[in-house]
Amino acid sequence: MWRHSRRSWLNLIESADMKRLLLALAVLAVAAPAWGQTPPTPAPVPAPAPPYGAPIGLEAAQALIDRAMEAARARGFRLAVAVVEPSGELVAFGRMDDVQYGSINVAQAKARSAARFRSATAAAEERLAGGRMALLAIDGLMPVAGGVPIVVDDRVVGAIGVSGASSAQDDEVARAAIAAVTGG
């Protein structure tokens, strides 16, 4: 009895109809989980970045650093602050006593990234947190909040980079300095 039923199964499996049925079941088993998924929502198209303007001058850059230092002291932070022109080259720099030395380079990198890409580094940090790992391959992009473009008359004239506290706190100080100096 065992041999007979075993042969029957083998004959059935070897038949062309059964092979097609097994193939169809395998395809369905693999594809079924995808049917329940919703397609990804397309990302909104960002507004174009503002054009570059004439580079920020030393006096305005120093005013931004002074306002950032005031905002940092009021919040109990020790920070490094860099202001760059649109090319990303340093215009002015300041650091508070006892800020960690690593923050010197990070502040400059945040400012450089914000100026060259005409976008706040917080936006890159959000995209990276959302899974856009490809950002890590872009040379010069700093995906850590605290770098903010300086926009005057709808033109990027430079950027400020702040480092020493959490990235959110760095970003808060950078934006406070810009608002205090430019009124916006």
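A brief report on the enclosed structure follows. (Residues numbered from 1 in each chain as written. Predicted model: local features only at pLDDT ≥ 70, side-chain atom pairs only at ≥ 80, totals over all residues. Heavy atoms only, no water.)

## Considering the overall build of the chain
Move 1: When helices and strands are tallied, the chain shows six helices and four strands.
Move 2: Every one of the 184 residues in the chain was classed for burial, and the buried ones make up 33%.
Move 3: Considering only contacts in the chain between residues 6 or more positions apart, those separated by 24 or more positions represent 63%.
Move 4: Approximately 11,500 Å² of the chain is accessible, and the part contributed by carbon and sulfur atoms is 59%. (Helix = DSSP H or I, 4+ residues; strand = E, 2+ residues; numbered from the N terminus. Buried < 20%, exposed > 50% of the residue type's maximum accessible area, 1.4 Å probe, protein only. Contact = heavy atoms within 4.5 Å. Areas by Shrake-Rupley, 256 points an atom, 1.4 Å probe, with all protein chains shown as cover.)

## Here's the deal with the packing of helix α3 (residues 58-75) against helix α6 (residues 167-182)
Move 1: Between α3 and α6, whose axes approach to 8 Å, the crossing angle comes to 130°. Of the possible angle classes, the one that applies to α3 and α6 is oblique. Judged by the sense of rotation from one axis to the other, the crossing of α3 with α6 is right-handed. Residues Ala63, Leu64, Arg67, Ala68, Ala71, Ala72 and Arg75 of α3 pack against Glu172, Val173, Ala176, Ala177, Ile178, Ala180 and Val181 of α6.
Move 2: A per-class count over the contact of α3 with α6 returns eleven nonpolar, no polar and three charged. (Axes fitted to C-alpha atoms, helices over the stretch in contact; angles between N-to-C directions. Parallel < 35°, antiparallel > 145°, perpendicular 65-115°, else oblique. Left-handed = near helix turned anticlockwise from the far one by under 90°. Nonpolar A, V, L, I, M, F, W, Y, C, P; charged D, E, K, R; others polar.)

## A short note on the packing of aromatic side chains
Move 1: One pass over the structure, following the stated rule, counts zero aromatic pairs.
Move 2: Seen from the ring of tyrosine 52, arginine 118 lies directly overhead, with NZ or CZ sitting 4.6 Å from the centre. (Phe/Tyr/Trp six-rings, centres within 6.5 Å; stacked < 30°, edge-to-face > 60°. Lys NZ or Arg CZ within 6 Å of the ring centre and 35° of its normal.)

## What to know about α3
Move 1: A rise of 1.5 Å per residue sets the reference length of α3, with its 18 residues, at 26 Å; its end C-alpha atoms lie 26 Å apart and thus fit the reference within 8%.
Move 2: Those residues of α3 not exposed but buried are Ala61, Leu64, Ile65, Ala68, Met69, Ala71 and Ala72. Looking down the long axis of α3, one finds its buried residues gathered within 165° of arc, a one-sided arrangement. Exposed positions of α3 whose direction lies more than 90 degrees from the buried face are Glu59, Arg73 and Ala74.
Move 3: For α3, the elements touching its buried residues are β1 (80-84), β2 (90-95), β3 (147-152), β4 (155-163) and α6.
Move 4: Glycine 76 sits one or two residues past α3 and shows a positive phi near 75°. (Expected span 1.5 Å × (residues − 1). Arc of directions from axis to C-beta.)

## So, the nonpolar core
Move 1: The biggest cluster of nonpolar side chains holds 23 residues, and the ones touching the most others in it are Leu64, Val83 and Ile160.
Move 2: For this core, the secondary-structure elements that each account for two or more residues are α3, β1, β3, β4 and α6.
Move 3: A total of seven residues in this core trace back to one element, the largest contributor, which is α3.
Move 4: Discounting residues that sit within four places of it in the chain, leucine 64 has contacts with Ile56, Val83, Ile150, Ile160, Ala177, Ile178 and Val181.
Move 5: Among the nonpolar cores identified, the runner-up in size contains eight residues, and Ala80, Ala82, Ala107 and Ala111 belong to it. (Core = buried A, V, L, I, M, F, W, Y, C linked by side-chain atoms within 4.5 Å.)

## Some remarks on helix α5 (residues 121-129)
An α-helical turn contains 3.6 residues, so any two residues separated by three or four positions project in the same direction.
Move 1: Those residues of α5 that sit buried are Thr121, Ala122, Ala124 and Leu128. Viewed along the axis of α5, the buried residues span an arc of 160°, placing them on a single side of the element.
Move 2: Residues of α5 that are buried make contact with α4 (102-116), β3 and α6.
Move 3: Of the residues flanking the end of α5, it is glycine 131, one or two places downstream, whose phi is positive at about 105°.

## A look at the sheet that holds β1
Move 1: Spatially, the four strands line up as an open sheet ordered β2-β1-β4-β3, and their pairing is antiparallel. Bordering the open sheet on either side are β2 and β3, each of which pairs with just one other strand. Shown here is a sheet whose adjacent strand axes are inclined to one another by a mean of 20°, direction ignored.
Move 2: Two elements, β1 and β2, share five bridges in a ladder whose sense is antiparallel. Residue pairing in the sheet places valine 84 in a bridge with leucine 90 of β2. (Pairing = 2+ DSSP bridges.)

## Re the pattern of salt bridges
Move 1: Taken as a whole, this structure holds six salt bridges when the rule is applied.
Move 2: Of the charged contacts in the structure, one is a salt bridge between glutamate 70 and arginine 67, with a shortest N-O distance of 3.0 Å. Of this pair, glutamate 70 and arginine 67 both sit in helix α3, three residues apart, which is roughly one turn of the helix.
Move 3: Among the ionic pairs, aspartate 170 bridges to lysine 110, the shortest N-O distance being 2.8 Å. Of this pair, aspartate 170 sits in helix α6 while lysine 110 sits in helix α4, placing them 60 residues apart in sequence. As far as burial versus exposure is concerned, aspartate 170 and lysine 110 are alike and both buried. (Salt bridge = Lys/Arg side-chain N within 4 Å of Asp/Glu carboxyl O.)

All we've got here are geometric facts, nothing functional implied.
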